[in-house]
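# Examination of the molecular architecture
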Amino acid sequence: MVSVQCENPCGPITGLVLMFIHAFAGRALHWALDMGPMQVLGNLRNFLPVIMPPDARPLPILGGVHHRRGFPEVPFLMDLPPATMWAELSPPLKPWAVVPHLGEIPYWAGNKVLVSSRQACVSHCSPVDLVTDLDFSPFDDFLLATGSADRTVKLWRLPAPGQALPSVPGLVLGPEPVQVEVLQFHPAADGVLVSAAGTAVKVWDVAKQQALTELAAHADLVQGAVWSWDGALVGTMCKDKQLRIFDPRAKPGASQSTEAHKNSKDGRLAWTGTQEHLVSTGFNQMREREVKLWDTRHFSSALTSLSLDTSPRSVLPLLDSDSGLLILAGKGESQLYCYDVAPQQPALSPVTQCILENVLRGAALVPRRALAVMGCEVLRVLQLSDTAIVPVSYHVPRKAVEFHEDLFPDTAGCVPASDPHAWWAGSNQQVRKVSLHPAHRPYPSFTSCLVPPAEPSPDAAPPAATPPAETPVGDADPSEGFSSPLSSLTSPSTPSSLGPSLSSTSGIGTSPSQRSLQSLLGPSSKFRHAQGTVLHRDSHITNLKGLNLTTPGESDGFCANRLRVAVPLLSSGGQVAVLELQKPGRLPDTALPTLQNGAAVMDLAWDPFDPHRLAVGGEDARIRLWRVPPEGLQEMLTTPEAVLTGHTEKIYSLRFHPLAADVLASSSYDLTIRIWDLQAGAEQLRLQGHRDQIFSLAWSPDGQHLATVCKDGYLRVYEPRGGPEPVQEGPGPEGARGARVVWVCDGHCLLVSGFDSRSERQLLLYPTEALAGGPLAVLGLDVAPSTLLPSYDPDTSLVLLTGKGDTRVFLYELLPEAPFFLECNSFTSPDPHKGFILLPKTECDVREVEFARCLRLRQTSLEPVAFRLPRVRKEFFQDDVFPDTAVSWEPVLSASAWLGGANGQPRLISLQPPGMTPAAKCHGGQAREPGRPTPPGLL
């Protein structure tokens, strides 16, 4: 099984010395900056001979050695000779600085452009005033346009080796009434440029130094102006919240306009590979960052939208039009999001999330002609930090070292299709495409006549000879120079330093219609477009007061069954409030009737076979069993139904047996696990072998085994009826901050959520038959203090993961074989939740294709969240989504039978509502996916 892998060689290109040990060929590189609505473009050329001596061995910066855990080593941490390093940059990079052009390393710091020549010297070009935006020609690698606070646009010709740096620009456009904020070269015509200054947007004929037209109708500051991929249209984002589309050759007014985002904060635009679709980023009314996909043919509303999180930092969209992959970069943050833009569905599907080692100050897409195509590298992002440039590579591992045409369609070349006169007269001729096959290199070059190259000085010394670079290093074997092959670990979420990533969907294609990654990379989850929605306020329970939000990390914080919710309160005596789910609304301001536990609550759990019985573990090492009246808690209860004593230290967690009635497992600070017969009110079995705090325990689906994850760094599996010692042990998460374990994939695997040695949250998938060999796969997610709490649905193999205090719920489909993790759309809330649990499957609204119903505990309310799958033919029963489910509310065995060695299986029932026809039996319905048969219903 193949995967998309993201590699972020974290560490260090550090200090003020930038090393870039890779050969590039290509054209525009897009930098996004901390300088207002600015997008900087630069070029990359094959300059490996410049920074490496002839006898130096090329060190591919993109490959990387991956351990089983998925941590990449840094291939460029070596004792390199001084000749391999670039000049030290002075002054150092500021938070708002950028390296826009790595061929000659100019970078903007205030009003200076620092350029490191091929001889590693540093020189200065001064464009008079503060630089506000800059862009390299998509055709001429040496032609640079800059906008500055002196209200002009300047064109510069960067010098070839042996030539002096320019002291004056080759051309000047303007001045404008206010400073120029945005500029961009035309994608097809050499000498056409769009600029924005204040409310004015102009299209320039650069050669004639005059404006062809001025685009009207902007009522406020223009935040962005971008050409469509074919150069026919211009899209603008304005502080008046409007997204406008212009056909500059038809009329100066906007041909279309709509409200893009509810908030006027910084908005950005990016066109897809079609003239009809574009992506915008901005903020909504709740100050959440959001992304929207637009169709210019239906412009009144967005095709689809995606809310990210609440952050004051703007989102920079970097869209690769050939593959349909969208990178979302937040300035000042430490992660990159990758989405697949699929206008035909329409959808913005998550592909991967990459954790960065350093804070991001800018992000750039390397042009496709610079990719290591023989290593199946489909995307490369360069991250700008305060002191370094870090490449992040996305590639599809293939066994055969050959050119894969399905991954690399022809891309735009670097020879312009027309000139300003022809384009303004109506020509829509497009840039000729070139093949990415290495055999078709080198690509033809182009030198613009806008600023002619300077003649070399007769007194100038000839440039130092450099070895030819006929074969770009980018097409070398990506694993060359490393001691072990790339990891086969596949996962859809956070590769970076945490491990590689499998795409659930993507859009890499060989035609404008963009074949999806599903045909290239194998299976993707049918739940990838799942939508989590908070249900109507009428179903909420509000006015909650005095919640205990400091329950131990081993506890979910609250528990629920199909009838009730039990929530610990902060008041003394370990009080527990019991709320009726069938009676939503505002709770009275007066005190609620509670269960007086008598000791601080450590964990609590409802009996799955008796919805009126609640087990509460206390700080006093006792387990109290409470019985709630069928009509609900009407008065305070002070006397439990039973008290279980035996533990000598406070309780960790409680877990009822999944099949046998009256069987409860508990873990404690005394480092034991005890199994109780509730009918007899006594301890029957005791498990030992833990050397430190027991983070979590879980019963296997058949109830024959018990798994634990411990602070001593081990994952253990017990057969409780066979003996007190574990039957298997294996390495658990490296971090000691907390962990959870749950049985998945029909009991064939164990999923553990925990932390790595750097306190980054991760998921580990283990085979239950071979724990000692370590995890099958490791998936890194993000950096957060709380342990991820997994809620697993065995019917769909979906796991929902979130932590206390989080705002995001991750959703993955789990597989026992590669690619192991299939990422689905996550659910994001505007404020942190204090707990998040999964309700029984019978609570789902099957007619609305609702496959999961959860409860979200907030500071003062409890609200249901429904996860639904978009389906066109919802009048049919979607039997591929709803297989027969286990009757989890009826016991299979008694406690005595199970303790005596008996085993059993739950009976299954169909979730098909009366009157609905299965989609698989209807012409045109949603057919069941192969390989996932419905289990037989045993009514």
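Quick notes on the rules
- Residues numbered from 1 in each chain as written.
- Predicted model: local features only at pLDDT ≥ 70, side-chain atom pairs only at ≥ 80, totals over all residues.
- Heavy atoms only, no water.
- UniProt positions renumbered as here; feature names shortened; annotations may be inferred.
- Helix = DSSP H or I, 4+ residues; strand = E, 2+ residues; numbered from the N terminus.
- Buried < 20%, exposed > 50% of the residue type's maximum accessible area, 1.4 Å probe, protein only.
- Contact = heavy atoms within 4.5 Å.
- Areas by Shrake-Rupley, 256 points an atom, 1.4 Å probe, with all protein chains shown as cover.
- Pairing = 2+ DSSP bridges.
- Axes fitted to C-alpha atoms, helices over the stretch in contact; angles between N-to-C directions.
- Core = buried A, V, L, I, M, F, W, Y, C linked by side-chain atoms within 4.5 Å.
- Salt bridge = Lys/Arg side-chain N within 4 Å of Asp/Glu carboxyl O.
- Polar contact = N/O pair within 3.5 Å; in protein donor to acceptor, adjacent residues only side chain to side chain.
- Phe/Tyr/Trp six-rings, centres within 6.5 Å; stacked < 30°, edge-to-face > 60°.
- Disulfide = S-S within 2.5 Å.
- pLDDT = per-residue confidence, 0-100.

Under an unreviewed UniProt entry, the name given to the chain is Coronin, and the source organism is Ursus maritimus. Looking at the chain in UniProt, the text filed under Sequence similarities (unreviewed entry) is "Belongs to the WD repeat coronin family." A UniProt comment under Subcellular location (unreviewed entry) is attached to the chain, and it reads "Cytoplasm".

### A short note on the overall build of the chain
A count of helices and strands for the chain gives four helices and 63 strands. Here the chain, with 939 residues, has 61% of them falling under the buried criterion. In the chain, the proportion of contacts linking residues at least 24 apart, taken out of those at least 6 apart, comes to 57%. For the chain, the exposed area adds up to about 34300 Å²; of that, 52% sits on carbon and sulfur atoms.

### Focus: the sheet that holds strand β54 (residues 777-783)
What the four strands build is an open sheet, ordered β51-β52-β53-β54; its pairing is antiparallel. Where the open sheet ends on each side, the last strands, each with one partner, are β51 (740-744) and β54. Shown here is a sheet whose adjacent strand axes are inclined to one another by a mean of 20°, direction ignored. Where β51 lies against strand β52 (residues 749-755), five bridges are found, and the strand directions are antiparallel. Paired with Arg740 across the two strands is Ser753, which belongs to β52.

### With respect to the UniProt feature "repeat: WD" (unreviewed entry) in the chain
Under the feature "repeat: WD" (unreviewed entry), the UniProt entry names residues 131-158, 644-686 and 687-719. Across residues 131-158, the secondary structure splits into 0% helix and 61% strand, with the terminal C-alpha atoms separated by 17 Å.

### Quick word on the sheet that holds strand β25 (residues 335-342)
Pairing is antiparallel across the open sheet formed by four strands, whose spatial order is β23-β24-β25-β26. Of all the strands in the sheet, the pair left with one neighbour each is β23 (315-320) and β26 (347-355). On average, each strand axis in the sheet is tilted by 25° relative to the strand beside it, whichever way the strands run.

### Re the nonpolar core
Ile327, Leu336, Val381, Tyr394 and Phe408 are the most contacted members of the largest nonpolar core, which has 29 residues in total. At the level of elements, β23, β24 (325-330), β25, β26, β27 (362-365), β28 (377-384) and β29 (389-395) are the ones that each hand at least two residues to this core. When neighbours within four sequence positions are excluded, Phe408 is seen to be in contact with Arg368, Leu371, Val373, Cys376, Glu377, Val378, Phe403 and Leu436. Core analysis: the second largest hydrophobic core is formed by 22 residues, Phe836, Phe851, Ala852 and Phe877 among them.

### Structural notes on the pattern of salt bridges
Here the structure, examined in full by the defined rule, presents 44 salt bridges. Here Glu729 makes a salt bridge to Arg716, at a shortest N to O gap of 3.0 Å. Of the two residues, Glu729 sits in strand β50 (residues 728-731) while Arg716 sits in strand β49 (residues 714-718), which places them 13 residues apart along the sequence. Looking at Glu729, the relative accessible area reads 33%, which means it is partly exposed. Given a relative accessible area of 0%, Arg716 falls into the buried group. Notably, a salt bridge pairs Arg758 with Glu760, separated by 3.0 Å at the nearest N-O pair. The class for Arg758 is partly exposed, based on a relative accessible area of 36%. Here Glu760 falls in the buried class, since its relative accessible area comes to 7%. Salt bridges sharing common partners tie together Asp670, Arg674, Glu683 and Arg686.

### Topic: the side chain of Arg289
Relative to the helices and strands, Arg289 is located in strand β21 (residues 288-295). For Arg289, a relative accessible area of 1% gives the class buried. For Arg289, the side chain forms a polar contact with the main-chain oxygen of Arg313, separated by 3.2 Å. Ignoring anything within four residues of it in the chain, the contact list for Arg289 reads Gly282, Phe283, Leu306, Ser307, Leu308, Asp309, Ser311, Arg313, Ser314, Val315, Gly330 and Glu333.

### Here we look at the environment of His540
Tracing the backbone shows His540 in the loop between β32 (531-534) and β33 (541-542). The spacing of His540 and Leu581 is 41 residues in sequence and 8.8 Å in space, taken between C-alpha atoms. Aside from chain neighbours lying at most four places away, what touches His540 is Val534, Leu535, Pro584, Gly585, Leu862, Glu863 and Pro864. At 2.8 Å, the side chain of His540 and the backbone oxygen of Leu535 are in polar contact. A distance of 3.4 Å separates a polar side-chain atom of His540 from the backbone oxygen of His536.

### Observations regarding the packing of aromatic side chains
For the structure shown, the criterion picks out 13 aromatic pairs. Centroid distance Trp699 to Trp898: 5.6 Å. Interplanar angle 85°. Geometry classified as edge-to-face. Separated by 199 residues along the polypeptide, Trp699 in strand β47 (residues 694-699) and Trp898 in helix α4 (residues 895-899) bring together distant segments of the chain. Each member of the pair, Trp699 as well as Trp898, is classed as buried. Centre to centre, the rings of Tyr812 and Phe821 are 6.2 Å apart; their planes meet at 80°, and the pair counts as edge-to-face. Aromatic rings pair up to connect Trp227, Trp423 and Trp424 into one cluster.

### Focus on the state of the cysteines
Following the criterion strictly, the structure yields zero disulfides and no others. Cys745 supplies the cysteine sulfur nearest to Cys749, a cysteine that is in no disulfide, at a spacing of 4.4 Å. For Cys749, a relative accessible area of 2% corresponds to the buried category.

### Here we look at the confidence of the model for the chain
For the chain, per-residue confidence averages 77 on the pLDDT scale, and 77% of positions sit at 70 or higher. Under a pLDDT of 50 for its full length, residues 9-128 has, in the predicted model, 378 contacts with residues more than four places off or in other chains. A low-confidence stretch, residues 923-939 (pLDDT under 50), is modelled with 39 contacts involving residues beyond four sequence positions or located in other chains.

### Section: unusual backbone geometry
With an omega of -15°, the peptide bond between Gln345 and Pro346 qualifies as cis. Among the secondary structure elements, Pro346 is positioned in the loop between β25 and β26. Non-glycine residue Lys241 carries a positive phi angle of around 75°. Residue position: Lys241 is located in the loop between β16 (234-238) and β17 (242-246). You can call Lys241 partly exposed: its relative accessible area is 30%.

### A look at the pairing of strand β61 (residues 861-868)
Most of β61 is tucked away, with seven of its eight residues classed as buried. Two elements, β33 and β61, share two bridges in a ladder whose sense is antiparallel. Following the sheet pairing, Thr542 is matched in β61 by Ser861. Both strand β60 (residues 850-857) and β61 contribute to a ladder of seven bridges, which runs antiparallel. Within the sheet, the bridge partner assigned to Cys854 lies in β61 and is Val865. Hairpin connection of β60 to β61: three residues between the antiparallel strands.

### Points about the environment of Leu356
Along the polypeptide, Leu356 turns up in the loop between β26 and β27. Each C-alpha atom, one on Leu356 and one on Val392, is 9.0 Å from the other, the two residues being 36 residues apart in sequence.

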